[in-house]
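Architecture and fold: a report
Here is what each chain is made of, one letter per residue.
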Amino acid sequence: MPAISASAPGKVILFGEHAVVYGQPAIADALLEVEAKAIINPLIQGTPGEIRIQAPSIKLDADLSQLPIDDPLATAVRNVLVELGIKAPPPFKLRVTSTIPVAAGLGSGAAVSVAIIRAVSAFLGQPLKDARVSAIAFEVEKLHHGTPSGIDNTVITYRKPVYFIKGKPPESFPVNESFRLLIADTGILSQTRAVVGEVRAGWEQNKNRYEKIFKSIGEIAEKARELMTSGTGIASYLGTLMDQNQYLLQDLKVSSSELDRLIASAKEAGALGAKLSGAGRGGNIIAVIEEPRRSDIEDALYAAGATGVIATKVFGGSWGPLE
Ligand code: PMV
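About the cut-offs
Residues numbered from 1 in each chain as written. Predicted model: local features only at pLDDT ≥ 70, side-chain atom pairs only at ≥ 80, totals over all residues. Heavy atoms only, no water. Buried < 20%, exposed > 50% of the residue type's maximum accessible area, 1.4 Å probe, protein only. Helix = DSSP H or I, 4+ residues; strand = E, 2+ residues; numbered from the N terminus. Pairing = 2+ DSSP bridges. Contact = heavy atoms within 4.5 Å. Expected span 1.5 Å × (residues − 1). Arc of directions from axis to C-beta. Near = heavy atom within 4 Å. Polar contact = N/O pair within 3.5 Å; in protein donor to acceptor, adjacent residues only side chain to side chain. 1 Å grid on protein atoms, 1.4 Å probe; cavity = no way out; pocket = protein on both sides within 12 Å on 5 of 7 lines; lining within 4 Å. Sits in = over half its atoms within 2 Å of the grid points. Nonpolar A, V, L, I, M, F, W, Y, C, P; charged D, E, K, R; others polar. Domains from an automatic or database assignment. Buried area = accessible area lost by both parts, 1.4 Å probe. Salt bridge = Lys/Arg side-chain N within 4 Å of Asp/Glu carboxyl O. Axes fitted to C-alpha atoms, helices over the stretch in contact; angles between N-to-C directions. Parallel < 35°, antiparallel > 145°, perpendicular 65-115°, else oblique. Left-handed = near helix turned anticlockwise from the far one by under 90°.

**A closer look at the pairing of strand 8 (residues 179-185)**
With 6 of 7 residues buried, strand 8 is to be regarded as a mostly interior element. One ladder, built from 7 bridges, connects strand 8 with strand 11 (residues 308-314); its direction is antiparallel. Following the sheet pairing, Phe-179 is matched in strand 11 by Val-314.

**Brief notes about helix 4 (residues 151-158)**
With respect to burial, helix 4 is a largely interior element, 8 of its 8 residues being buried. Looking at helix 4, one finds that the buried residues are Ile-151, Asp-152, Asn-153, Thr-154, Val-155, Ile-156, Thr-157 and Tyr-158. Close packing links the buried residues of helix 4 with strand 1 (4-15), strand 2 (26-42), helix 2 (108-123), helix 3 (130-145) and strand 6 (162-164). Phi turns positive one or two residues past the end of helix 4, at Arg-159, with a value near 55 degrees.

**What about unusual backbone geometry?**
Positive phi, close to 55 degrees, is recorded for Arg-159, a residue that is not glycine. Positive phi values are uncommon outside glycine, yet Trp-319 reaches one of about 25 degrees. For Trp-319, the location among the structural elements is in the segment after strand 11.

**Describing helix 8 (residues 257-268)**
Taking 1.5 Å of rise per residue, the 12 residues of helix 8 would be expected to cover 16 Å, and the 16 Å separating its terminal C-alpha atoms lies within 8% of that figure. Buried within helix 8 we find Leu-259, Leu-262, Ile-263, Ser-265 and Ala-266. What you see down the axis of helix 8 is that its buried residues fit within an arc of 165 degrees, all on one side. As for helix 8, its buried residues are in contact with strand 8, helix 7 (235-251), strand 9 (273-277), strand 10 (284-289) and helix 9 (294-303). Phi turns positive, to about 115 degrees, at Gly-270, one or two residues after helix 8.

**Side note on the site of the ligand**
What surrounds the ligand is a group of 16 residues, the closest being Lys-11, His-18, Ser-149, Thr-192 and Ala-279. Within the side chain of Asp-152, a nitrogen or oxygen atom sits 3.1 Å from an oxygen atom of the ligand. Here Thr-192 contributes a side-chain N or O atom positioned 2.9 Å from an oxygen atom of the ligand. Given that more than half its atoms are within 2 Å of the pocket grid, the ligand belongs to the largest pocket. Contributions of two or more residues to the shell around the ligand are made by strand 1, helix 4 and helix 5 (192-205). Of the residues assigned to the shell around the ligand, the class counts are 7 nonpolar, 6 polar and 3 charged.

**Examining the domain arrangement of the protein chain**
Many structure descriptions define interface size as the accessible area lost when the parts assemble. In terms of domains, the protein chain is made up of domain 1 (4-164) and domain 2 (174-314). A C-alpha centroid distance of 26 Å is found between domain 1 and domain 2. Facing 32 residues of domain 1, the contacting portion of domain 2 comprises 44 residues. Of the roughly 3000 Å² buried between domain 1 and domain 2 on both sides combined, carbon and sulfur atoms contribute 66%. For the domain 1 face of the interface with domain 2, the top three residues by lost area are Phe-15, His-18 and Tyr-22, together amounting to 26%. Along the contact surface separating domain 1 from domain 2 lie 1 salt bridge. Between Lys-275 and Glu-17 there is a salt bridge; the shortest N-O distance is 2.8 Å. Our count for the contact surface shared by domain 1 and domain 2 stands at 12 residue pairs in polar contact (both at pLDDT 80 or more). For the side of domain 1 that touches domain 2, the secondary-structure elements that each account for two or more residues are strand 1, strand 2 and helix 3. A total of 6 residues in the side of domain 1 that touches domain 2 trace back to one element, the largest contributor, which is strand 2.

**As for the packing of helix 2 against helix 3**
Packed helices, taken two at a time, are described by the angle their axes make and the gap between the axes. Taken N-terminus to C-terminus, the directions of helix 2 and helix 3 make an angle of 135 degrees; their axes are 9 Å apart at the nearest point. In terms of orientation, helix 2 and helix 3 fall into the oblique class. Of the two possible hands of crossing, helix 2 and helix 3 adopt the one that is right-handed. For the pair helix 2 and helix 3, contact is made by Gly-109, Ala-110, Ser-113, Val-114, Ile-117 and Arg-118 and by Asp-130, Val-133, Ile-136, Ala-137, Val-140, Glu-141 and His-144, respectively.

**Digging into the environment of Asp-61**
Tracing the chain through its elements places Asp-61 in strand 4 (residues 60-63). Since its relative accessible area comes to 44%, Asp-61 is described here as partly exposed. A C-alpha to C-alpha distance of 9.0 Å links Asp-61 and Arg-95, two positions 34 residues apart in sequence. Dropping the residues within four chain positions of it, Asp-61 is found in contact with Arg-52, Ile-53 and Gln-54.

**Some details on the pattern of salt bridges**
All chains considered together, the criterion is met by 15 salt bridges. Glu-291 is paired through a salt bridge with Arg-180; the nearest N and O atoms lie 3.3 Å apart. A residue pair is termed long-range when its members are at least 10 positions apart, and Glu-291 in the loop between strand 10 and helix 9 and Arg-180 in strand 8 qualify at 111 residues. The partly exposed category is assigned to Glu-291, whose relative accessible area is 35%. Through salt bridges with shared partners, a single network forms among Arg-180, Glu-291, Arg-294 and Glu-298.

What follows is the structure in structure tokens.
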């Protein structure tokens, strides 16, 4: 069997994080500038069923059989074997690498899962369809997040703009006009499980207030979808919607002084609007920008403490359905 590799992009949530966990719509897109990669080589001297997993960035180098039941990488591999009904696969070594910042709201966990699921199923001669890849990655997400909405594994599997409501079939939608984003990292780890848990605790104490906030966030995501589908000259209006979404995220207490500082600096330097992206507290902000202001805004973000800035585009296109 030849060596096989598969990759998966990062992701960026444009609108609707947190509220999406409570049934509101959210919009996300793939972030193609970063990726996770899974490379599989047969173990020529190995015995059937022997699987070695290496992930140098987390200093992992172990046999699958030694890894705990809740190890995310091992779970991705084990779930593919179960899905394919294979008990003793030909021996192989799986090496995982990633350029996606970890715990930064850019989907690194889901991307690693998707890359592994694709590579292992292809190596075993039965490449899985996207819907199965996403479903298996969702199971692994539960280990990372506890109660994930499923948006990360969906957008990362399909690599297209996605309109997502938890528990419903995800939809893609046409994007009328490309627009530019800058993504800037606070360098502070964002612990999705903890932040999602704190929002839940707040919601349990004051359901009325939290549900009003979630609903308002959902309305913003809805407006953004309409605008992205059929609007022209949309960047500035999208920026305004991002600002409104950010105020609501502040009400949910998931922003932080570092995130707020990056957002303010981007806007002072000419960004059309900005918000945190992902679970918050740390991780990344996104800002809608126009090309002529790009380098000024990048400079301002670094001056305000950003540890990394990625320039990307949400591409216009008719994006086919998710199948
Ligand atoms: O994995 P992150 O940090 O991008 O967060 C995911 C977005 C949340 O809405 C906060 C959680 C979820 O499961 O949708």
